[in-house]
Amino acid sequence: MTGTGRDNAFQEIRPVQALRTPTFEFTEVRGHGDFAEHDRRLEELARDAAAAAASQTALVLAPPVATLTEMSLDLGPDGEELLEDARANAGAGEYQLALDQLAEYLQNAPDHQEARYLRAYCLFQLGGPDQVKALRILRPLRDERVEAGLRERIRDLRGELRRRLTPLEVTAYTETVRTDPPGALARVEAFLELAPEEGTLSYLLAVGQARDGDLELALDTATRGAAEADVDEEPVRALARRLLLAQLAPVAAPAVSEFKAGNLHRARHALLGMDPRWRRNTVLDDFDAFLALLIDLPRQIPLPAPKLPPDRTEDLYSLIAETDGQQAALLMQTGRAEQAERLLAHVLSLVPRFPWLNFLYAACLYRLGREPDRAAECAETAVRDPGLTQAAELLEAIRGWQEATVINPAVKEYVDAMESVRDGVSVDRLATLRHRLSALERRLPVLKAAARSEQGVQVVQELKTAIAQRLKEVADAMVVGGLYEKYDRVMSTAKGGVSGAQAADRLAGSLDGLAQEIKTTRKNARRGSSTSSQLDDLAKLVSDRRAEVSRVKTSVQVSDLVRRFNQLAEQQSGTNSPSRPRDPYAVRRQLSDILGDAQQLRRSAKGSFEARDRTLLDELIGTISRTLR
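One structure accompanies this document, and this report is about it. In this text, all values refer to a predicted model and were calculated from it rather than measured experimentally.

### Details of the nonpolar core
Move 1: Of all hydrophobic cores here, the largest spans 59 residues; its most connected members are Phe-259, Phe-287, Leu-319, Leu-357, Phe-359 and Ile-398.
Move 2: For this core, the secondary structure elements donating two or more residues are helix H10 (233–260), helix H11 (264–272), helix H13 (282–296), helix H14 (310–333), helix H15 (337–348), helix H16 (355–368), helix H17 (372–382) and helix H18 (391–419).
Move 3: In terms of residue count, the dominant contributor to this core is H16 (10 residues).
Move 4: Sequence-distant contacts of Leu-319, that is, excluding residues within four places in its chain, are made with Leu-245, Leu-248, Ala-249, Ala-252, Val-256, Val-283, Leu-284 and Phe-287.
Move 5: In terms of nonpolar packing, the next biggest core, distinct from the first, is built from 55 residues, Val-188, Leu-201, Leu-204 and Val-207 among them.

### Here we look at unusual backbone geometry
Move 1: In the Ramachandran plot, Asp-232 falls in the positive-phi region, its phi being about 55° despite a non-glycine side chain.
Move 2: Of note, Asp-232 is situated in the loop between helix H9 (215–228) and H10.
Move 3: For Glu-371, which is not glycine, the phi torsion reads 45° and is therefore positive.
Move 4: Within the secondary structure, Glu-371 is located in the loop between H16 and H17.

### Here we look at the packing of aromatic side chains
Move 1: Counted under the stated rule, the structure contains six aromatic pairs.
Move 2: Between the aromatic rings of Tyr-366 and Trp-401, the centroid separation amounts to 5.4 Å while the plane-to-plane angle is 90°, which identifies the pairing as edge-to-face. With Tyr-366 in helix H16 and Trp-401 in helix H18, the pair connects residues that are 35 residues apart, well separated along the chain. When sorted by exposure, Tyr-366 lands in the same class as Trp-401, which is buried.
Move 3: Among the aromatic side chains, those forming a connected cluster through ring pairs are Tyr-95, Tyr-117 and Tyr-121.

The rules behind each value
Residues numbered from 1 in each chain as written. Predicted model: local features only at pLDDT ≥ 70, side-chain atom pairs only at ≥ 80, totals over all residues. Heavy atoms only, no water. Core = buried A, V, L, I, M, F, W, Y, C linked by side-chain atoms within 4.5 Å. Buried < 20%, exposed > 50% of the residue type's maximum accessible area, 1.4 Å probe, protein only. Helix = DSSP H or I, 4+ residues; strand = E, 2+ residues; numbered from the N terminus. Contact = heavy atoms within 4.5 Å. Phe/Tyr/Trp six-rings, centres within 6.5 Å; stacked < 30°, edge-to-face > 60°.

The following block contains the structure:
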């Protein structure tokens, strides 16, 4: 007989599922010699150029009017009339006639600024290839001293020509650069001369030159482009910085090596000994100032950040650690994450705020499954660099990993706790289960705080609900288990059989008390509780045992009456028996007593008779009744 009943089971609800750690595939590689990010930028430029070309709307330029101050030579009345006619025809939309008049006029006054502007205006209005010619005519005017009103018209017309023509040139470059790199570069370089304000053109030309191996020419192109651009300036400026670093890295390598070895004074000495044409730049000046700062400070790891703006700090960090980052990326991509982790941990202590190295270290820790909090900290630093296109994805994966490392052990503990009672329970095992579930319940606030995703929040909520339900069920089961154990103890007193009526009464009293407890517990049980049926089963079991005790007691009582009658009969059957009563009235009194007890038993124990006992009692009553007649 089990302590909690054969059919005890916990209610089934949807099981709590563990979180799955998000997947992340490392592909981000960035370096001065690797143009993967520039290839991505080229694809973006191609898409943007196509969109710009498709969505162009014509800019309505004010028609030329004769309000400009004459700044050229006096050509006499005929010349002035020719220019007036050209203005009028341009204003009236007779562009080809105006062009013919302007050509004649410019033969005598080739430097006349308004006439040159009017010619470009008419070519612009005619459209097609003539627009490139118009931009070429306006290019010198951009740099000449021009009267204010005309300067504004030149600026507006050049702006509209650039807006229309630049997307077409970018598209042409992206379509031909892979099949005809020299031709694509020559075309973009020629157009850049006409529109130096377009940063995208400088960017494309500099990248192409760098691919050809001419880093110095590429740096010059990017530097000039950043200085002259009035649109898309930031990409070309960033490219110029990276090209400069690419050229500085090999010449600054001795100083960087001394710095990594902790030889700060030697590092400064190596900087001083560099070729002056390389030494005079902001990056190396910042490196020297950083070394001076470290020399004046107590040695500490990680090193403090340099006191520089973010862009200059990144340039300095790139100079110091770019090569190590590329090596670590290669190690990770070839399956040697352990080596990459050791390298990155050392170098990152020198450049703790370098976004790219933080990205690599976060990806490395994620792959190795180590230090999720440290990995998240590094990924959060990495996402500050918009150029790290995988950083946000990595951070999201790490946050999922973080919550999984906290939540999944709790889910496993819950599953293990429930598995411990799969094959049956006792009060002791239930008490242990309650202790484990209560400990898990106390951890729920920590799990809730660790949940960072919608799925994590859902899993914690499911676990909370499951634990609460199980604790209620355990509480109910422990009550039932206690009653079953009490039943076992009561019935253990009858293992050797019921020795007499008094023993039967004691057992019956215990069973009656237990039945009352079951009734009270059943009344107080929660509505819909899983223990209701178990309590009903136990109540029936107690009721059956109680009926058995009543039958046993009746049987004992019948046997006792028969024994008394037989003893009296034996006493009377032996004539020489010294115990035979001499007084016949005494015998009748004894028989009357036995008969009275038998009749009383026959009346009081109607439902507790076994058939054999009822027959025997009836025979006894009949025999005594006949004897007493």
